[in-house]
Amino acid sequence: MKELLRSTDPTVLAFASALLEGEDIDCFQMDVNMSILEGGIGIFPRRLMVRAADYDLALRAMRDNDIPLGQAT
């Protein structure tokens, strides 16, 4: 798995996940449970992971839709 993007904005993560699903690219959100530890204030970014084989296609989908990648690139 490779990190595709990193964000504290849940709407960006939901939109990116939906785009990837539309492209038949499996993705997985990591660090979701950190929100329990931080009290829901959104200081810890969540990471969206994809298979290494799908990374280039997923990256192209993110850039084509102007989705900010955070610190992932």
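Keep in mind the model is a prediction, meaning the values are calculated, not measured.

K.L.:
Describe unusual backbone geometry, listing the residues and the values that go with them.
P.N.:
Even without being a glycine, Asp 24 presents a positive backbone phi close to 60°. For Asp 24, a relative accessible area of 71% puts it in the exposed group. Notably, Asp 66 is not glycine yet its phi reads approximately 55°, a positive angle. On the secondary structure map, Asp 66 appears in the segment after helix H3 (55-64). The exposed category is assigned to Asp 66, whose relative accessible area is 69%.

K.L.:
Account for the sheet that holds strand E2 (residues 27-30), naming residues and giving values.
P.N.:
Overall, antiparallel pairing links the three strands, which are arranged E1-E3-E2 in an open sheet. Here the strands that pair on one side only, and so sit at the sheet edges, are strand E1 (2-7) and E2. Neighbour-to-neighbour, the strand axes of this sheet turn through a mean angle of 25°, independent of strand direction. Note: E2 against strand E3 (residues 46-50), four bridges, orientation antiparallel. Across the sheet, the residue bridging to Cys 27 is Val 50, located in E3.

Rules behind the numbers
- Residues numbered from 1 in each chain as written.
- Predicted model: local features only at pLDDT ≥ 70, side-chain atom pairs only at ≥ 80, totals over all residues.
- Heavy atoms only, no water.
- Buried < 20%, exposed > 50% of the residue type's maximum accessible area, 1.4 Å probe, protein only.
- Helix = DSSP H or I, 4+ residues; strand = E, 2+ residues; numbered from the N terminus.
- Pairing = 2+ DSSP bridges.
- Axes fitted to C-alpha atoms, helices over the stretch in contact; angles between N-to-C directions.

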